[in-house]
Amino acid sequence: MNYQSQAVAKPYFIVAIALFVAQILFGLIMGLQYVWGDFLFPEIPFNVARMVHTNTLIVWLLFGFMGASYFLVPEESERELESPLLAIITFWVFLIAAALTVAGYLLVPYSKLAELTGNSILPTMGREFLEQPTITKLGIVLVALSYIYNIGMTVLRGRKTVVSVVLLTGIVGLAVMFLFSFYNPENLVLDKFYWWWVVHLWVEGVWELILGSILAFVLIKTTGVDREIIDKWLYIIIAMALISGIIGTGHHYFWIGTPEYWQWWGSIFSAVEPLPFFFMTIFAFNMINKRRRNHPNRVATLWAMGTAVLAFLGAGVWGFLHTLSPVNYYTHGTQITAAHGHMAFFGAYAMIVLTIISYAMPILRGRGEANSNKSQVVEMWSFWLMSVSMVFITLFLTGAGILQVWLQRFESAQPFMVVQDKLALFYWMREGAGVIFLIGLILYIASFFVGGKDEPVPVEVTEG
Ligand code: HEM
Ligand code: HEM
Ligand SMILES: [Fe+2]
């Protein structure tokens, strides 16, 4: 560790991984409920499991982004974090708020939770991904403010690099867009319109800046390639992300009652959105080919490459698949959407967090630049198990989605639940792939407990 204050990243990373486990367990519960409707009813109804699955996802990614920032910004800025103490206080506030919120979801009916937390004073609850009680949302704003202050002051008072400035811009954007979660108009069209300003402008806007900068940081460290080259790529990637992604929000405005021009604007701009993801892939492979050093942390490089590939597939390819309005007319809200949502979230954001954890954890744990070979091999297994099973989850859901569109909307108009029954085989296979995914995740955690140091390598005596 070059700077003492980087150590605050560690608890953030640990909690991120713990919440990741919770997320997957609830995903598996829901996957089972898809084919066995009464499973765990009434203890954990589907809607509650879904809320826990998606909310823990967002929160663990946020913990990951924060940990990543607290780790990389001191190094980029060449100074200690503005206030390590504040980062630790923020950590506890966020953790307690998250734990209370999930406990609330699980222990009381949602309407009761809304009542208990005073939702009627400022109603913000009840919308997908933004189900948190209003007081939790206020807590998130406080956490974000403290985070921006800490990272902002460190960046502004230290050496300014493209990586840290892009990261800071992404974080500020994340906080600003979240404010729209407090705007909850009565009019359902307006409600949906602004809801996407949080959801879409996060994942297809400001989060891409965070993704790009963390990826660039890890590549700089592991390849030793000149910053100037990496900086130019980063500029191109974020410019393309914002140019396409902002108006690309229109791909969610096809059927919610907005003016017709959104059919065109949404289709055309969002059709360009795969480009920044494509460039990220080219960028990562280029840097690794041009590398000037062989970093001992090979598994971190593997995660970085995996992120670039799966983000492009999940967001770029699976996003493009249903983004043109004549296609989306048929696929809207089907399992095609779920297929895309899974691979995109995993490939881009889950994997970039796993990448930085993989790079930073050995350093934070005083194991030097990398874990032992044994530990890296276990981690590589976990990489492949999780990545390949996510590819299968995506393929099974895509199969289910195509059949669903065909039976329900294209060739015939069979009722929703009749069609769902016919998709059961796909859902069973998805659940199977999900179990493999969980095994991969368990191995990932196990890799942390595999021996820290390599046996000293005997010095080879070369003859002659
Ligand atoms: C990493 C980036 C991305 C993530 C994490 C992501 C995630 C998601 C998620 C979770 C949904 C479902 C939202 C809901 O609950 O209704 C969704 C919907 C959608 N996404 Fe993405 N996405 C990403 C990038 C993209 C890109 C680049 C495109 C286009 C090229 C795209 C096109 C779409 C479309 C058209 C929908 C609406 C599907 C429908 O009508 O049901 N996404 N995305
Ligand atoms: C590994 C086992 C997993 C299983 C069995 C699973 C299952 C499910 C199920 C059943 C849903 C609800 C779909 C619906 O509303 O009908 C869902 C939603 C979702 N899951 Fe998973 N999941 C898993 C892993 C993951 C992972 C690793 C991620 C991302 C990193 C993820 C992200 C999401 C998202 C973003 C949604 C909301 C999608 C949308 O609105 O279209 N899940 N999941
Ligand atoms: Fe979108």
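See the structure above.
Here is a short report on the structure shown in this document.

Quick notes on the rules
Residues numbered from 1 in each chain as written. Chains lettered and ligands numbered in written order. Predicted model: local features only at pLDDT ≥ 70, side-chain atom pairs only at ≥ 80, totals over all residues. Heavy atoms only, no water. Salt bridge = Lys/Arg side-chain N within 4 Å of Asp/Glu carboxyl O. Helix = DSSP H or I, 4+ residues; strand = E, 2+ residues; numbered from the N terminus. Near = heavy atom within 4 Å. Polar contact = N/O pair within 3.5 Å; in protein donor to acceptor, adjacent residues only side chain to side chain. Nonpolar A, V, L, I, M, F, W, Y, C, P; charged D, E, K, R; others polar. Buried < 20%, exposed > 50% of the residue type's maximum accessible area, 1.4 Å probe, protein only. Contact = heavy atoms within 4.5 Å. 1 Å grid on protein atoms, 1.4 Å probe; cavity = no way out; pocket = protein on both sides within 12 Å on 5 of 7 lines; lining within 4 Å. Points joined across faces, edges and corners; volume = space filled by probe spheres on them. Donors = N, O, S within 2.8 Å, 3.2 Å for Na, K, Ca; no water.

### Section: the pattern of salt bridges
- Scanning all chains against the criterion turns up nine salt bridges.
- Between Arg157 and Glu82 there is a salt bridge, with its nearest N and O atoms 2.9 Å apart. One end of the pair, Arg157, is in helix H5 (residues 134-157); the other, Glu82, is in the loop between helix H2 (46-77) and helix H3 (84-107), with 75 residues separating them in the sequence.
- The structure contains a network of salt bridges with shared partners spanning Arg79, Glu82 and Arg157.

### A few points about the site of ligand 2
- Surrounding ligand 2, one finds 23 residues, the nearest of these being Tyr34, Arg50, His53, Glu128 and His342.
- Gln23 has a polar side-chain atom sitting 3.4 Å from a nitrogen atom of ligand 2.
- Elements represented by at least two residues in the shell around ligand 2 include exactly helix H1 (9-35), H2, helix H13 (335-364), helix H14 (373-410) and helix H16 (424-447).
- With six residues, H1 is the single largest residue contributor to the shell around ligand 2.
- Here the shell around ligand 2 is composed, by residue class, of 13 nonpolar, six polar and four charged.

### Quick word on the side chain of Thr355
- For Thr355, the position within the fold is in helix H13.
- Residue class for Thr355 comes out buried when judged on its relative accessible area of 0%.
- Once residues within four sequence positions are removed from consideration, Thr355 is found in contact with Val218, Ala300, Trp303, Ala304 and Thr307.

### Here's the deal with empty space enclosed by the protein
- Evaluated as defined, the whole model comprises five cavities of 30 Å³ or more.
- Approximately 110 Å³ is the volume found for the largest cavity.
- Considering the residues around the largest cavity, the lining is formed by 13 residues, among which Val59, Ala98, Thr101, Gln132 and Thr136 are closest to the centre.
- Among the elements of the structure, H2, H3 and H5 are those that each provide at least two residues to the lining of the largest cavity.
- For the lining of the largest cavity, the element with the highest residue contribution is H3, accounting for six residues.

### Examining the coordination of the iron ion (ligand 3)
- Distances from the iron ion (ligand 3) to its protein donors, namely His200 (ND1), Glu204 (OE), Glu204 (OE), His251 (NE2) and His252 (NE2), fall within the range 2.1 to 2.7 Å.
- Taken in chain order, the donor set of the iron ion (ligand 3) reads H-x3-E-x46-H-H.
- Here the iron atom of ligand 1 and the iron ion (ligand 3) are spaced 4.4 Å from one another. With Glu204 in helix H7 (residues 188-223) and His251 in the loop between helix H8 (227-248) and helix H9 (261-272), this residue pair connects regions lying 47 residues apart in the sequence.
- With relative accessibility at 14%, the residue Glu204 sits in the buried group.

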